Amino acid sequence: MKSTSALLALVALLPAFTQAQTAQWGQCGGIGFTGSTTCVAGSVCTKQNDYYSQCIPGAQAPPATTAPPATSVPPATGAPSKPSSAPGSTPTTVPSASNPFNGFEIYLSPYYAAEVAAAAAKITDPTLAAKAASVAKIPTFTWFDTVDKVPQLGTYLADAQSIQKSTGKKQIVQIVVYDLPDRDCAAKASNGEFSIANNGQANYEDYIDKLVAQIKQFPDVRVVAVYEPDSLANLVTNLNVAKCANAKTTYLACANYALKALTAAGVYTYMDAGHAGWLGWPANLTPAAQLFAQVYKDAGSSPFLKGLATNVANYNALSVATPDPITQGDPNFDELHYIQALAPALQQQGFPATFIVDQGRSGQQNLRQQWGDWCNIKNAGFGTRPTTNTGSPLIDSIVWVKPGGECDGTSNSSSPRFDSTCALSDAHQPAPEAGTWFQAYFENLVSKANPPL
Ligand SMILES: *[C@@H]1O[C@H](CO)[C@@H](O)[C@H](O)[C@H]1NC(C)=O
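Named according to an unreviewed UniProt entry, the protein is Glucanase originating from Cristinia sonorae.

In structure tokens form, the structure reads like this:
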């Protein structure tokens with residue numbers, strides 16, 4: 001008896017000895033999580049939902065229902081203006097034969113489903129609550145924005161595999177690879193956990209190795225990845241920002257490592273390519289095509305490196321009849337025009353790319369003051385649902401990459417991650433920290449959804 005309890009006590013102590021403390025904003029708990037549950041001094045491990053607890057700076061933990069991953073993807077500074085109105089009408093065209101979405105169902109993230117269920121439960125109007133709850137059935141991507149979240153991927157892949165076995169319907173697990181050192185080099189809200197100056201490249205390679213190790217355990221489950229929102233686009237237009245210029249060599253080396261590893265593991269990968277109001281400007285198209293094609297060729301021209309993802313976490317429509325005035329004369333005033341201009345330039349450089357387009361928050365148009373505004377845009381609505389009926393053979397699927405309801409960035413000017421874009425007049429305020437749940441914003445996305453929920 002005595003020796004048994006002594007042994008148990010020893011075992012209970014082990015994690016404290018073997019695991020480091022979790023940094024601010026890092027994951028500290030949740031189903032499938034195996035890392036440290038202790039936060040560094042000054043932050044508190046706060047349960048966001050069953051799948052995620054996070055180290056939140058400051059003494060007070062946010063209310064238990066808020067949600068988390070730092071999913072925000074601010075777009076870019078350096079780009080001119082913006083897109084147009086009218087929700088994307090969806091024409092019909094046959095997708096290309098090599099479309100990785102064909103014949104598959106998309107696995108629903110239990111994490112996002114839990115966020116949505118908690119949010120819907122807070123809504124008193126029964127009609128709105130029912131619409132809100134229905135969002136849990138719309139597939140989004142899951143953002144792996146810290147190394148601590150990687151074990152969750154194994155949980156999801158195992159779950160997808162058992163769904164596949166029990167239903168006979170092949171599953172795709174959709175992920176965002178998002179943990180570059182000196183991440184988000186042109187903005188502030190989505191700073192990452194790794195820095196170039198502090199072993200960032202080696203830490204990133206370890207993060208990629210861990211992701212790929214999970215994926216390789218489930219070879220019969222298809223994985224589709226969006227690769228590093230904003231990173232390569234920043235190298236096209238934002239090298240005037242010192243942090244981006246300094247990051248260039250490392251971003252390219254990390255991308256090369258990651259893209260080779262992901263494609264070798266059979267992951268269908270789309271590199272993030274900003275949006276129409278960023279790389280869609282005529283002066284940016286050729287340099288963008290050159291960079292993406294070079295990265296593609298350097299990574300071995302794998303057929304699994306399918307192409308590019310556009311409009312991630314942004315608000316542009318796929319196709320509009322009339323340009324939003326803020327597009328200020330960009331001939332590529334919506335995502336379809338952008339893709340149709342970029343694809344031939346890529347082709348010319350030897351990259352036969354196809355595309356996926358985020359329409360998760362693109363239901364309403366003509367909302368922004370400037371095309372470059374990206375933070376919690378007021379009166380945005382959920383957009384066209386994910387579909388392979390895209391109207392263009394260049395577009396494999398309309399997708400929802402940004403989980404609608406997760407905040408883009410805080411409007412609190414005292415916060416270390418404050419980005420002034422989140423306090424502009426077209427940004428919904430007050431807004432909590434990036435990645436945490438933004439209930440009022442979610443409710444607005446639901447009520448403004450187009451097509452309606
Ligand atoms: C704003 O951020 C500061 C610094 O993190 C914090 O002390 C303060 O409570 C925050 N204010 C609100 C309204 O959240």
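(A) Fine view of the UniProt feature "binding site: substrate" (unreviewed entry) in the protein. With numbering aligned to this structure, UniProt lists the feature "binding site: substrate" (unreviewed entry) at Trp143, Asp145, His275, Trp278, Asn314, Trp374, Lys402 and Glu406. Among the structural elements, tryptophan 143 can be located in strand β5 (residues 142-144). Topologically, lysine 402 is positioned in the loop between β11 (395-399) and α10 (439-447).

(B) Looking closely at the state of the cysteines. For the structure shown, the criterion picks out 2 disulfides. Covalently, cysteine 185 is tied to cysteine 244 through a disulfide, its sulfur atoms 2.0 Å apart. One disulfide, between cysteine 185 and cysteine 244, carries an S-S torsion of 100 degrees and so falls in the right-handed class. Here the residue cysteine 185 occupies a position in the loop between β6 (171-177) and α5 (200-216), and cysteine 244 occupies one in helix α7 (residues 242-264), the gap between them amounting to 59 residues. Exposure class is identical for cysteine 185 and cysteine 244. Each is buried. Between the sulfur of cysteine 375 and that of cysteine 422 lies a disulfide, 2.1 Å long from S to S. Given an S-S torsion of about 95 degrees, the disulfide between cysteine 375 and cysteine 422 has right-handed geometry. Taken together, the positions of cysteine 375 in the loop between β10 (354-358) and β11 and cysteine 422 in the loop between β11 and α10 put the pair 47 residues apart, joining distant regions of the chain. Take cysteine 375 and cysteine 422: they sit in the same class, and that class is buried. The thiol of cysteine 407 is not disulfide-bonded; the next cysteine sulfur, from cysteine 375, is found 6.0 Å away.

What counts, and at which threshold
- Residues numbered from 1 in each chain as written.
- Predicted model: local features only at pLDDT ≥ 70, side-chain atom pairs only at ≥ 80, totals over all residues.
- Heavy atoms only, no water.
- UniProt positions renumbered as here; feature names shortened; annotations may be inferred.
- Helix = DSSP H or I, 4+ residues; strand = E, 2+ residues; numbered from the N terminus.
- Disulfide = S-S within 2.5 Å.
- Buried < 20%, exposed > 50% of the residue type's maximum accessible area, 1.4 Å probe, protein only.

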